[in-house]
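Architecture at a glance
If you want the building blocks of each chain, they are given just below.
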Amino acid sequence: MLFSGLAEVGDDPILLVSTMFKASQDPNKVDLGVGVYKDAKGNTAILNSVKKAEQFLVDNQATKTYLSPAGNPEFNKLVQDMLIGADHRSVSENRVSTFQTPGGTGGVRIGLEFVKACNPNANVWISNPTWPNHTAITKSLGLNPKQYRYYDIKQGQFQYEEMLEDLSGADVGDVVILHGCCHNASGADLSNAQWDELAALMLEKGLVPFVDFAYQGFGDGIEEDTYAARVLSTKLPEALIASSCSKNFAMYRDRAGAITLVSSSADEHSKNASHMLSAVRATYSMPPDHGAAVVAHILGNPDLKAEWVSEVDEMRERVKKMRGTFVEKMNEKAPNSGFGYIAEQKGMFSYLTLEAEQIQTLINDHSIFFMGNGRVNMAGLTDDNIDYVTDAIASLFKS
Ligand code: LMR
């Protein structure tokens, strides 16, 4: 029988944490798993700017006929401006396009479909560690995943020199997936000077950057966080940027994202864009409208955009504050626990440098749910649960 020979596939490690959290009956349970922002009360609320834009659409949207495979052109233009700036050289040289995709994952998928059209055997370099879907998508397309060292989970240390060393061994035309900001899962980012140096190395080696930019605004600010995307797409002739509106618009389930393609010349670009569109048509035909229409309305309306920027600022600052509070409390409760690095890292994620069995104790005995490799979503910490969480972690350090 055709359908009877398959072995079971293990759960995605991130989605598994959500399942475990939902199943737990413990009234004290804490969800530090999936990368979703929570406010001070622990809710993932709809942003006011989003509510207003949705109301505008309800009142004014006149049709629900098909978009095109490229999606909403207004969204594409506004998102591109937000990612690399309207003044980017590739814009005046007609060698950049942004295509709306279902979430950032859709952007990664279509971007790698495009890579496959260019070279079905392409090497795709992925940071170790990374978001598990990078490897899953690369493998599902039959591309060749390679790892570069990025972060030592046990030591809590960013491995910049090791990253450069590994990428120095890559071949011309290899694709390198880089986290645009707020590295998922370590929270350790390159400095601007390091991005410059990496861009120079990639140029010298003929490597192609694929920036996964899912957390714009959660690092230092909407504008500040664009450094990597801008420098890589300026200094190198070709680039891909997958971006997401899930986190910064808190529109997780509406699946608004994009893939931006920068080609080396306008001539190449029109051929390349046709392959991107053909990958979309063969995969989901065209992207869903709603989330992107909301984002386009917000970004195209100066007052709403200002309101949205301040909502993003508030989300970022709350996570930063919880990082600081976490470190302060751990320093008080377990002075030698060594979590100081968490206050320096950016975005939602960091690793807890704990042994595997300590992690299991936190999950099984305290119902604090996070990934088995120690990745925690710092945005899940609130004033109500931070003492519970830090007490539980501190108890691991008491003999
Ligand atoms: C995460 O890393 O938790 C998020 O990006 C959500 C997801 O889809 O994995």
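Residues numbered from 1 in each chain as written. Predicted model: local features only at pLDDT ≥ 70, side-chain atom pairs only at ≥ 80, totals over all residues. Heavy atoms only, no water.

**Some thoughts on the site of the ligand**
The local shell around the ligand consists of Ile-14, Val-34, Gly-35, Trp-131, Asn-184, Tyr-215, Lys-247, Phe-349 and Arg-375. Contact distances for the ligand include 2.8 Å between an oxygen atom and a side-chain N or O atom of Trp-131. Note that an oxygen atom of the ligand is positioned 2.9 Å from one of the side-chain N or O atoms of Arg-375. Contact with the protein chains covers 79% of the free accessible surface of the ligand, which is 260 Å². (Near = heavy atom within 4 Å. Polar contact = N/O pair within 3.5 Å; in protein donor to acceptor, adjacent residues only side chain to side chain. Areas by Shrake-Rupley, 256 points an atom, 1.4 Å probe, with all protein chains shown as cover.)

**A closer look at empty space enclosed by the protein**
Tallied over the full model, the rule gives two cavities of 30 Å³ or more. Considering only enclosed or pocket space, the largest cavity measures out at about 50 Å³ in volume. The wall of the largest cavity is formed by Val-79, Met-82, Leu-83, Phe-213, Gln-216, Ser-243, Ser-244, Cys-245 and Asn-248. Those elements that place two or more of their residues in the lining of the largest cavity are helix 3 (73-84) and strand 9 (239-244). (1 Å grid on protein atoms, 1.4 Å probe; cavity = no way out; pocket = protein on both sides within 12 Å on 5 of 7 lines; lining within 4 Å. Points joined across faces, edges and corners; volume = space filled by probe spheres on them. Helix = DSSP H or I, 4+ residues; strand = E, 2+ residues; numbered from the N terminus.)

**Description of the domain arrangement of the protein chain**
By domain assignment, the protein chain separates into domain 1 (2-46 + 313-395) and domain 2 (66-300). Taken over C-alpha atoms, the centre of domain 1 sits 26 Å from the centre of domain 2. At the junction of the two partners, domain 1 supplies 23 residues and domain 2 supplies 25 residues. Taken together, the two surfaces of domain 1 and domain 2 that pack against each other cover about 2,000 Å², and 60% of this comes from carbon and sulfur. Per-residue buried area on domain 1 facing domain 2 is highest for Arg-316, Lys-346 and Tyr-351; these three make up 32% of the total on that side. The partner of Lys-346 in a salt bridge is Asp-220, and the shortest N-O contact between them spans 2.9 Å. Counting across the interface, domain 1 meets domain 2 through eight residue pairs in polar contact (both at pLDDT 80 or more). Of all the secondary-structure elements, those providing two or more residues to the side of domain 1 that touches domain 2 are helix 1 (13-23), helix 12 (302-333) and strand 11 (349-351). (Domains from an automatic or database assignment. Contact = heavy atoms within 4.5 Å. Buried area = accessible area lost by both parts, 1.4 Å probe. Salt bridge = Lys/Arg side-chain N within 4 Å of Asp/Glu carboxyl O.)

**As for unusual backbone geometry**
Glycine aside, residues mostly have negative phi angles, and peptide bonds mostly take the trans form. At the junction of Asn-128 and Pro-129, the peptide bond is cis and its omega measures out at 5° in the coordinates. Looking at the element boundaries, Pro-129 is found in the loop between strand 3 (123-128) and helix 6 (132-140). Positive phi, normally seen in glycine, also occurs at Asn-94, with a value near 50°. Along the chain, Asn-94 turns up in the loop between helix 4 (89-92) and strand 2 (96-102). Within the chain, Ala-250 stands out as a residue other than glycine whose phi angle is a positive 50°.

**Some thoughts on the packing of aromatic side chains**
All chains considered together, the criterion is met by 12 aromatic pairs. Between Tyr-37 and Phe-218, the ring centres sit 6.4 Å apart and the planes meet at 50°, which makes this aromatic pair tilted. Of the two residues, Tyr-37 is situated in the loop between strand 1 (30-31) and helix 2 (48-60) and Phe-218 in the loop between strand 8 (208-213) and helix 9 (227-235); the sequence distance between them amounts to 181 residues. Between Tyr-215 and Phe-349, the aromatic rings sit 5.7 Å apart at their centres with planes inclined by 80°, giving edge-to-face as the arrangement. Residue Tyr-215 is found in the loop between strand 8 and helix 9, and its partner Phe-349 is found in strand 11; the two are separated by 134 residues along the sequence. Judged by relative accessible area, Tyr-215 falls into the buried class, the value being 5%. Here Phe-349 falls in the buried class, since its relative accessible area comes to 1%. One aromatic cluster is present, built from ring pairs that chain together Tyr-37, Tyr-215, Phe-218 and Phe-349. Lying over the aromatic face of Phe-21, Lys-29 brings its terminal NZ or CZ to 4.5 Å of the ring centre. The side chain of Arg-375 reaches across the aromatic face of Phe-349, ending 3.7 Å from its centre. (Phe/Tyr/Trp six-rings, centres within 6.5 Å; stacked < 30°, edge-to-face > 60°. Buried < 20%, exposed > 50% of the residue type's maximum accessible area, 1.4 Å probe, protein only. Lys NZ or Arg CZ within 6 Å of the ring centre and 35° of its normal.)

**Considering the environment of Ala-282**
By secondary structure assignment, the location of Ala-282 is in helix 10 (residues 266-283). Note on Ala-282: relative accessible area 70%, which makes it exposed. Taking the C-alpha atoms as reference, Ala-282 lies 9.7 Å from Pro-69; in sequence the two are 213 residues apart.

**Comments concerning the pairing of strand 10 (residues 256-262)**
Buried residues dominate strand 10, accounting for seven of its seven residues. By the alternation rule, side chains of strand 10 split into Ala-256, Ala-258, Thr-260 and Val-262 and Gly-257, Ile-259 and Leu-261, which are all buried. For strand 2 and strand 10, the ladder comprises seven bridges, and the chain directions are antiparallel. Bridge pairing in strand 10 links Val-96 to Val-262. By the bridge criterion, six bridges tie strand 9 to strand 10 in an arrangement that is antiparallel. Within the sheet, the bridge partner assigned to Ile-241 lies in strand 10 and is Thr-260. (Pairing = 2+ DSSP bridges.)

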